[in-house]
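# Survey of secondary and tertiary structure
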Amino acid sequence: RSGDGRAVLRSSVREFLCSEAMHYLGIPTSRAASLVVSDDDVWRDQFYNGNIKKERGAIVLRLATSWFRIGSLEILAHSGELDLQRRLLDFIIQRHFPSIAMNDSNRYLEFFSTVVSETANLIALWMSVGFAHGVCNTDNFSLLSITIDYGPFGFMDSYDPNFVPNTSDDERRYKIGNQANVGLFNLSKLLQALKPLLDPRQKQLASQILEGYGERYYIRFIELFKTKLGLLGENEDDNYLIAFLLKVSLLC
């Protein structure tokens, strides 16, 4: 893609600060341990307007419980390396999903159900603080449902479901209002990668689990916004009030 693989100081500082802010906002995320400034010069067109300038390079040391992503399983399934995929998946479950018994014949199904639920929770949390992840592809979606890869990202200054933090996203695929749908798309790719390891009954159940993603996301979204608005108990008008306030915010 003609990139040099380097980061500049300004984007590295943003990444450091944002990942720490997300942590203290209570959103699952990778952390920044250190930032080292490089002596190498990096040339960048910051605003994509043809004005290339020399900037200082930098390296951020990021920490996470795991860096396994949906793409980690997807690439093995695509290449037909099913034995390796099975070994990797068993390792991930044993290491990071202790509630799932390794001798359970439905462990891959339980794993998928957990990832679906936690992904819905993560994206609802993003939405609750107005965070837009600029590149929500399967390689940037953690299997542990934590926020990773702080490349192009942004926070809305005012409510706008069409907000896009990535200046190269001309089709607005990853606009903030589409994040939940992109999450569903990525989970469908995860299911596709898992299907060679599932029997017919498990495949059917997994499809039903995926169909429940939207409801899980919506329930969590409403819970978070009710908390933000101080709405107590259950009231049939709560959902209408949240939708009304978001619409008013869009018009303001």
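Residues numbered from 1 in each chain as written. Predicted model: local features only at pLDDT ≥ 70, side-chain atom pairs only at ≥ 80, totals over all residues. Heavy atoms only, no water.

### Concerning the packing of helix H3 (residues 82-96) against helix H4 (residues 107-128)
Note the cut-off: Here an axis means a line fitted to C-alpha atoms, over the contact stretch when the element is a helix, while the angle between two N-to-C directions is reported on a 0 to 180 degree scale. By the criteria applied, helices consist of DSSP H or I runs no shorter than four residues and strands consist of E runs no shorter than two, each listed in order from the N terminus. Roughly parallel means an angle under 35 degrees; roughly antiparallel, over 145; roughly perpendicular, 65 to 115; everything else is oblique. A clockwise turn of the near helix away from the far one marks a right-handed crossing, whereas an anticlockwise turn of less than a right angle marks a left-handed crossing. Any pair of residues with heavy atoms lying within 4.5 Å of one another is described as a contacting pair.
Axis separation between H3 and H4 bottoms out at 11 Å; the angle between their running directions is 60°. Classed by the angle they form, the pair H3 and H4 counts as oblique. Crossing angle aside, the handedness with which H3 passes H4 is left-handed. Every residue of H4 that contacts H3 at Arg 86, Leu 89, Asp 90, Ile 92 and Ile 93 is listed here: Arg 107, Tyr 108 and Phe 111.

### A closer look at the nonpolar core
We count it as follows: Residue types Ala, Val, Leu, Ile, Met, Phe, Trp, Tyr and Cys, when buried and joined through side-chain atoms within 4.5 Å, form a set referred to as a nonpolar core. Buried residues are those whose accessible area, probed at 1.4 Å on protein chains only, stays under 20% of the maximum for their type, while exposed residues exceed 50% and partly exposed ones sit between those limits.
Ranked by internal contacts, the top residues of the largest apolar core, which has 54 residues, are Phe 111, Phe 112, Trp 126, Leu 190 and Phe 221. The element contributing the most residues to this core is H4, with 13 residues. In contact with Trp 126, not counting residues within four places along its chain, are Met 22, Ile 27, Phe 131, His 133, Cys 136, Phe 141, Thr 147 and Gln 179.

### Regarding empty space enclosed by the protein
Our working rule: Grid spacing is 1 Å over the protein atoms alone, the probe is 1.4 Å, and a cavity is where that probe fits but cannot get out, while a pocket is an open set with protein on both sides within 12 Å along at least five of seven lines and lining residues have an atom within 4 Å of a point. Grid points are joined across faces, edges and corners, and a volume is the space filled by probe spheres set on the points. Note on residue classes: Ala, Val, Leu, Ile, Met, Phe, Trp, Tyr, Cys and Pro are nonpolar, Asp, Glu, Lys and Arg are charged, and everything else, Gly too, is polar.
Enumeration according to the criterion identifies 1 cavity of 30 Å³ or more in this entry. By volume, the largest cavity is sized at about 60 Å³. Per-class residue counts for the lining of the largest cavity are 4 nonpolar, 4 polar and no charged.

### Focus on unusual backbone geometry
The bulk of non-glycine residues show a negative phi, and the bulk of peptide bonds are trans. Positive phi, normally seen in glycine, also occurs at Asp 149, with a value near 60°. Residue position: Asp 149 is located in the loop between strand S4 (131-133) and strand S5 (153-155). A positive phi angle is found at Arg 172, which is not glycine, with a value near 60°. Considering the arrangement of structural elements, one finds Arg 172 in the loop between S5 and helix H5 (179-194).

### Observations concerning helix H8 (residues 238-251)
Here is the rule we go by: One fewer than the residue count of a helix, multiplied by 1.5 Å, yields its expected span. The arc under discussion is defined with respect to the helix axis, by the directions toward the C-beta atoms.
Taking 1.5 Å of rise per residue, 14 residues should cover 20 Å, and H8 covers 20 Å from first to last C-alpha, within 8% of that figure. Restricting attention to buried positions, one finds in H8 the residues Asp 238, Ile 242 and Leu 246. The buried residues of H8 all sit within an arc of 75° when viewed along its axis, so they share a single face. Residues of H8 that are exposed and point over 90 degrees away from its buried face: Tyr 240, Lys 247 and Leu 251. In this structure, the buried residues of H8 make contact with helix H7 (213-229).

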